[in-house]
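Here is how the chains run, residue by residue.
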Amino acid sequence: MELTRVVVPALFLLLAFGSSGAKVEEENPEFWRSQARKTLQSALDRKLNTNAAKNILFFLGDGMGITTITAARILKGQLENQTGEETVMTMDTFPNVGLAKTYSVDFQIADSAATATAYLCGVKTNLNTIGVTAAARNGVCKTQKGNEVTSILKWAKDAGKSVGVVTTTRVQHATPATSYAHSASRKWYSDADMPDSAKRDGCTDIASQLLKNTDIDVIIGGGRKYMTPRGTKDPEYPRDYASRGKRRDGRNLIDEWRSMKAGKVAHYVWNKTDFNAVDPEKTDYLMALFEPGDMRFEAERDPNMDPSIVETTEKAIRILQKNPKGFFLLVEGGRIDQAHHAGRASMALHETVAFDYAIAKGLELTKEHETLSIVMADHSHPVTFNGYPFRGQSILGKSPLWASDVLPYTTLMYGNGPGHKIANGTRPDIRDVDTKAKDYVQLAAVPTKSATHSGEDVAVLARGPMAHLFQGVNEQNYIAHAMAYAACVGSDLRHCQGHTEAPAVQSTVDNGAGAAGGGGGGGSVALLSALLALRVLM
């Protein structure tokens, strides 16, 4: 009875005042009809762009599921003093939309390594592995050999295009690493992170492969400490031991990179002042590593030391676009994912808004008739958008209708994560808590140290040449093949040759080796690698 006396009046209030945030024009049905007619006519007027893509701009929002996109859209509008729901983000303007299935070969819910191998290399693989087929086993170096697969970044470079990687994580992290490296473990950032057995069996760390495998023109992100000898003081944080170099082999990969670029105009920078001094028109190569590890969250970034993702995207494009044959650029909003893992919805949404501004900058600097632009996520997160918030209510606020325990709850919550706060069967009372704060950790239903990923399909948005190929529901590995076809890179060149019949079977496996079947004794190794994957999965 007590619960009924509280909830029923609240429900009546909700119904009575729920329309208070609506604009007067929206009460007129002609407002919606007119809007729909314009949208319909735009769709009817749309013509297929069947040009060959000179450039590919590939924007990857790590962990940017559909719930994240929706919530970030609202936040972006509210930051501009709008109600938010009707806001149109740049990614919303992409006319072609599809869905990608994100599972890996061995897990129903995948990680960023397996998914990156799918959408960059064109084959699905196992959890925790990058740039290898599913015949390779997590953490087992011997299974890596002969099962390497190359990425669209390499296909583009082999076709004469300039290539680049921009990320808000370390450049050795799963997504950027998959564009250039092959590793039985995504965690082998430097040789210090590798077991002795892997070294004895001939595997090499991801950082060293950044210099070895593909001649990348632009490399921007974090990750300095994986490039320098153990104990090397960081130029920005010289007193922080955790920021010092990690390499045990004594190699200074930054110095090696400089030596490799002798005779070219190549710049290595680690701060914004030097970054701003780089003239794109006179630069052949750029390596910019702004942090020892991952770059800072946008909300915590020091604008005097580190550039924004908008600035790094612009610099990369201006350097790469000088190539008359075009370019491929991977831009990763990588810390969307990391904020979600921490249960910090505010951080995740602000990262997504910043990512959307980078997309806008990319479109501004390129021409749609020759540039295929893709926006997608690798996987999603168990974040929910729930309750019955009023129109225009803060996306980071609380539902006006309380729960059956007569306590408020936030509009955004997690299925699992560090925000599980039930004590003695009772949730915390958050009436006086600022849930909009950047450090606020949303409530979670199940206690886990880090929120997991979730397994629903992710959106794929496209515009530009052959963007109509990105529609329907497809396996995630289809994305690499569709991009390659549109740009005439890799093995399938039918688009440039005027043919559309099925091509001969192509392989993306290095040296023609490795089928996704594995060898003898694969069952026990697969089980072991699966258990290892669960331990190290972020």
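Residues numbered from 1 in each chain as written. Predicted model: local features only at pLDDT ≥ 70, side-chain atom pairs only at ≥ 80, totals over all residues. Heavy atoms only, no water.

## Some words on the overall build of the chain
Looking only at helices and strands, the chain has 16 helices and 13 strands in total. For the chain, buried positions account for 54% of its 538 residues. Counting contacts in the chain only where the partners sit at least 6 residues apart, residues at least 24 apart contribute 72% of the total. As displayed, the chain has an accessible area near 22,700 Å², and 54% of this comes from carbon and sulfur atoms. (Helix = DSSP H or I, 4+ residues; strand = E, 2+ residues; numbered from the N terminus. Buried < 20%, exposed > 50% of the residue type's maximum accessible area, 1.4 Å probe, protein only. Contact = heavy atoms within 4.5 Å. Areas by Shrake-Rupley, 256 points an atom, 1.4 Å probe, with all protein chains shown as cover.)

## Describing the layout of surface pockets
Take a probe with the size of a water molecule and roll it over the atoms, and the empty space left behind shows itself. Approximately 640 Å³ is the volume attributed to the largest pocket. Lining the largest pocket are 24 residues; nearest its centre among them are Thr39, Ser42, Arg46, Asp92 and Thr93. The dominant element in the lining of the largest pocket, judged by the number of residues it contributes, is helix H2 (residues 29-45), at 5 residues. A class-by-class count of the residues in the lining of the largest pocket yields 6 nonpolar, 8 polar and 10 charged. (1 Å grid on protein atoms, 1.4 Å probe; cavity = no way out; pocket = protein on both sides within 12 Å on 5 of 7 lines; lining within 4 Å. Points joined across faces, edges and corners; volume = space filled by probe spheres on them. Nonpolar A, V, L, I, M, F, W, Y, C, P; charged D, E, K, R; others polar.)

## Some words on the pattern of salt bridges
Opposite charge on two side chains permits them to pair, given that their charged atoms come into close proximity. According to the stated counting rule, one finds 36 salt bridges in the structure shown. A salt bridge links Glu368 to Arg463, with the shortest nitrogen-to-oxygen separation between them at 3.0 Å. Of this pair, Glu368 sits in the loop between helix H13 (345-365) and strand S8 (371-377) while Arg463 is found in strand S12 (residues 458-463), placing the two residues 95 residues apart along the sequence. You can call Arg463 buried: its relative accessible area is 16%. One salt bridge in this structure joins Arg494 and Asp492, with 2.8 Å as the shortest N-O distance. By relative accessible area, which is 17% here, Arg494 ends up buried. With a relative accessible area of 12%, Asp492 lands in the buried category. (Salt bridge = Lys/Arg side-chain N within 4 Å of Asp/Glu carboxyl O.)

## Thoughts on empty space enclosed by the protein
Scanning all chains against the criterion turns up 2 cavities of 30 Å³ or more. For the largest cavity, the calculated volume is near 100 Å³. Lining the largest cavity are 13 residues, with Thr168, Arg296, Glu298, Ile309 and Glu351 positioned closest to its centre. Looking at which element gives the most residues to the lining of the largest cavity, the answer is H13, with 3 residues. Considering only enclosed or pocket space, the second largest cavity measures out at about 40 Å³ in volume. The wall of the second largest cavity is formed by Gly98, Leu99, Ala100, Val460, Phe470, Gln471, Asn474, Tyr478 and Ile479. Of all elements in the fold, only strand S2 (96-101) and helix H14 (478-487) reach the threshold of two or more residues within the lining of the second largest cavity.

## Some words on the environment of Ala377
Structurally, the position occupied by Ala377 is in strand S8. As for Ala377 and Ala116, which are separated by 261 residues in sequence, their C-alpha atoms are 9.8 Å apart. The residues contacting Ala377, other than those within four sequence positions of it, are Leu60, Gly61, Met64, Gly65, Val458, Ala459 and Gln476.

## Points about the side chain of Ser183
Mapped onto the elements, Ser183 comes out in the loop between helix H6 (174-178) and helix H7 (196-200). The buried category is assigned to Ser183, whose relative accessible area is 0%. Within the structure, Ser183 has its side chain in polar contact with the backbone oxygen of Ser185 (distance 2.6 Å). Excluding its chain neighbours within four sequence positions, the residues that come into contact with Ser183 are Thr129, Ile130, Val132, Gln144, Trp188 and Ile206. (Polar contact = N/O pair within 3.5 Å; in protein donor to acceptor, adjacent residues only side chain to side chain.)

## Some remarks on a nonpolar patch on the surface
A cluster of nonpolar side chains, Ile66, Leu99 and Val473, forms an exposed patch at the surface whose accessible area comes to about 230 Å². Looking at where Val473 falls in the secondary structure, it is placed in strand S13 (residues 472-475). The class for Val473 is exposed, based on a relative accessible area of 52%. (Patch = residues over 30% accessible without salt bridge, like charges linked within 9 Å, V, L, I, M, F, W, Y side chains within 5 Å.)

## Structural notes on the environment of Pro324
When you line up the elements, Pro324 lands in the loop between helix H11 (309-320) and strand S7 (327-333). Residue class for Pro324 comes out exposed when judged on its relative accessible area of 69%. When the C-alpha positions of Pro324 and Gly160 are compared, they lie 9.3 Å apart, and in sequence the two are 164 residues distant.

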